[in-house]
Amino acid sequence: MINESALLESKSLRDGVLERTDVLDRVKALSLLPDGMHVTTAMVAAYFGVTAEAIRQLKARHHDELSDNGMLTLRGPDLAEFKRDVLSRYPGGHPQPRSSLTLYSRRSVLNVAMLLRDSEVARQVRTYLLDMEYRARTQPGDNPVPSHSGSLDDRIDHRITHILGQTVVPMFNTLIETAGEHQRELIALRAGVQRVEKRLRQHHARLQRLEGPRADRPLAGVMAAMDAMNGREFEEHIATLLRRDGCTNVVVQGGGRDRRIDITALTAHGRRLVVQCKRFAPHLSITSPELQKFLGAARVLHDCEVALFVATCPFTRDALNIAAETGITAVHRGLLEEWSAGAALTVLE
């Protein structure tokens, strides 16, 4: 039998056993969030008896592999939705993250077990896993390896359709036709089952979105890098993004006499562009007076055609309304993250 330490070194070996997530509960009970699918970094650390920092370091070293197996980081609207739908139902409350939350599926927790060196629980999982795999391969009659076609999501969807759509609902149809005195109750019960089916499909679709490919999301660490910059470095970073997107004559003004204009440039089509950069803490917001002051400098002093107000924090609703009414492009934290990760700003195209 292969020694359990082989899983630490061989990704192909790990990939071959990632479907056996039932091993986790055979070694030690794994507590899940109320959605029944995910655990947080702290919960993963508690399961393996290590610190949360050890899990975060493992995540940093093996981010791509863990992401491929279901680990995901929620931010913005996705995080708000998850807090409302899942964390709000956590028994006794749950620490609420400020700007992001990393979640692990059972598959990614098993992946952690195959990568974590300094944990007795992880070692037991690896040993149990390889023992099960060995017995399944050498005694196929006693321990057959399940053979399924398609992904887990496809199998779940198939079971929902088969059990509810093709079995339960037709059964109620037959009962309604043959049981006249209970017809009203049966119709109500059938409607309830159909509502359950609809909710299950909605939940399934949401899980597919949460655990699906993350190519449409900004690269991890983009905002952390900008939060670590000083004001001048942040302005130079924005200037680099402008040059990347085809702007010319990009000049970083800087200093105390910049009159609220940090960068001037020409767009790829020759329009005059001015930018103000604000590197604020994520919990702060850009207010409407700041937009109004920038508007005066941009339109009156520089007669610009394109005005960007770039910030590492959100904008208040009033500030966003002023930006929309006056033609200023408000590049808030979320949009800045996407822009820095490679997406183009529509106003520059």
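For the structure, check the block above.
Residues numbered from 1 in each chain as written. Predicted model: local features only at pLDDT ≥ 70, side-chain atom pairs only at ≥ 80, totals over all residues. Heavy atoms only, no water.

**Q** Is there a simple way to think about the overall build of the protein chain in this case?
**A** In terms of regular secondary structure, the protein chain is built from 16 helices and eight strands. For the protein chain, the proportion of its 349 residues judged to be buried stands at 40%. For the protein chain, the share of sequence-separated contacts (at least 6 apart) that also reach a separation of at least 24 residues comes to 65%. A total accessible area of about 19000 Å² is found for the protein chain, and carbon and sulfur atoms account for 52% of it. (Helix = DSSP H or I, 4+ residues; strand = E, 2+ residues; numbered from the N terminus. Buried < 20%, exposed > 50% of the residue type's maximum accessible area, 1.4 Å probe, protein only. Contact = heavy atoms within 4.5 Å. Areas by Shrake-Rupley, 256 points an atom, 1.4 Å probe, with all protein chains shown as cover.)

**Q** Before we go on, may I ask you to explain the sheet that holds strand β3 (residues 100-105) in this structure?
**A** Sheet architecture is open: three strands sit in the order β1-β3-β2, paired in antiparallel fashion. Strands with a single pairing partner mark the edges of an open sheet, and in this sheet they are β1 (38-40) and β2 (72-75). Taken over all neighbouring pairs, the strand axes of this sheet differ in orientation by 40° on average, direction set aside. Pairing analysis gives three bridges linking β1 to β3, with the strands arranged antiparallel. Bridge assignment links V39 to a residue of β3, and that residue is Y104. Packed on one face of the sheet, helix α4 (residues 41-48) meets β1 and β3 and runs near 85° to β1. (Pairing = 2+ DSSP bridges. Axes fitted to C-alpha atoms, helices over the stretch in contact; angles between N-to-C directions.)

**Q** Explain the packing of aromatic side chains to me, please; I cannot follow it from the model alone.
**A** To describe a pair of aromatic rings, you give the distance between the ring centres and the angle between the ring planes. Applying the stated criterion across every chain, the model contains three aromatic pairs. Seen in terms of ring centroids, Y47 and F48 are 4.8 Å apart; in terms of plane orientation they differ by 90°. Their pairing is edge-to-face. When its relative accessible area of 3% is taken as the criterion, Y47 is described as buried. Ring geometry for F294 versus F309: centroids 5.4 Å apart, planes at 90°, classification edge-to-face. Here F294, found in helix α14 (residues 288-301), pairs with F309, found in strand β7 (residues 306-311); they are 15 residues apart in sequence, far enough to count as distant. Residue classification places F309 among the buried positions, given a relative accessible area of 0%. Positioned above the aromatic ring of Y47 is the side chain of K28, whose terminal nitrogen or guanidinium carbon lies 5.6 Å from the ring centre. (Phe/Tyr/Trp six-rings, centres within 6.5 Å; stacked < 30°, edge-to-face > 60°. Lys NZ or Arg CZ within 6 Å of the ring centre and 35° of its normal.)

**Q** What should I look at first to understand the pairing of strand β6 (residues 272-278) in this one?
**A** Put simply, side chains in a regular strand alternate between the two faces of the sheet. Burial analysis of β6 places five of its seven residues in the buried class, which makes it a mostly covered element. A loop of five residues connects strand β5 (residues 263-266) with β6, the two strands running antiparallel in sequence, and G270 in this loop sits at a positive phi of about 85°. Here six bridges tie β6 to β7, and the two strands are oriented parallel to one another. Bridging from a neighbouring strand, Q276 pairs with F309 of β7. The parallel pair β6 and β7, bridged by α14, forms a crossover whose chirality is right-handed. (Right-handed = clockwise from strand over helix to strand, strands pointing away.)

**Q** What exactly am I supposed to notice about the nonpolar core here?
**A** Nonpolar side chains in soluble globular proteins tend to be buried together. Ranked by internal contacts, the top residues of the largest apolar core, which has 40 residues, are F48 and V112. Put simply, the parts of the chain that give this core at least two residues each are α3 (22-27), α4, α5 (52-61), β2, α7 (76-85), β3, α8 (106-113) and α9 (120-138). By residue number, the principal contributor to this core is α9, which donates six residues. With residues up to four places along the chain from it excluded, the contact list for V112 reads V44, F48, I55, L58, L66 and Y104. L242, C247, V252 and V306 belong to the second largest nonpolar core, which has 25 residues in total. (Core = buried A, V, L, I, M, F, W, Y, C linked by side-chain atoms within 4.5 Å.)

**Q** Any chance you could explain the environment of R117 here in plain terms?
**A** For R117, the location among the structural elements is in the loop between α8 and α9. For the pair R117 and L8, spaced 109 residues apart in sequence, the C-alpha to C-alpha distance is 7.6 Å. Sequence-distant contacts of R117, that is, excluding residues within four places in its chain, are made with L8, E9 and R126.

**Q** Honestly, the packing of α4 against α5 in this entry has me stumped. Any pointers?
**A** Relative placement of two packed helices is described by the angle separating their axes and the distance separating the axes. Put simply, α4 and α5 touch, their axes get as near as 8 Å, and they point 110° apart. The angle between α4 and α5 falls in the class roughly perpendicular. Contacts between α4 and α5 involve T41, V44 and A45 from the first element and A52, I55 and R56 from the second. Residues belonging to the contact of α4 with α5 are distributed by class as follows: four nonpolar, one polar and one charged. (Parallel < 35°, antiparallel > 145°, perpendicular 65-115°, else oblique. Nonpolar A, V, L, I, M, F, W, Y, C, P; charged D, E, K, R; others polar.)

**Q** Mind showing me how you'd approach the sheet that holds strand β8 (residues 328-331) here?
**A** Strand pairing within a sheet occurs via backbone hydrogen bonds; the two strands may be parallel or antiparallel. One open sheet accounts for five strands, arranged β4-β5-β6-β7-β8; its pairing is mixed. At either end of the open sheet lies a strand with only one pairing partner, and these are β4 (248-252) and β8. Ignoring strand direction, the axes of neighbouring strands in this sheet form an average angle of 15°.

**Q** Before we go on, may I ask you to explain the pattern of salt bridges in this structure?
**A** Two side chains with opposite charge may pair up if their charged atoms get near one another. Considering all chains together, one arrives at 14 salt bridges under this definition. The closest approach of N and O atoms between K11 and D15, which form a salt bridge, is 3.0 Å. One end of the pair, K11, and the other, D15, are both in helix α2 (residues 11-17), four residues apart, so they sit about a helical turn from each other. For K11, a relative accessible area of 40% translates into the label partly exposed. Under the relative-accessibility criterion, D15 is labelled partly exposed at 36%. Put simply, E337 and R75 hold a salt bridge, and the shortest N to O gap is 3.8 Å. Residue E337 is located in helix α16 (residues 333-340), and its partner R75 is located in strand β2; the two are separated by 262 residues in the primary sequence. In this structure, a network of salt bridges that share partners links the residues R232, E235 and E236. (Salt bridge = Lys/Arg side-chain N within 4 Å of Asp/Glu carboxyl O.)

Any link to function would need more than the numbers given here.
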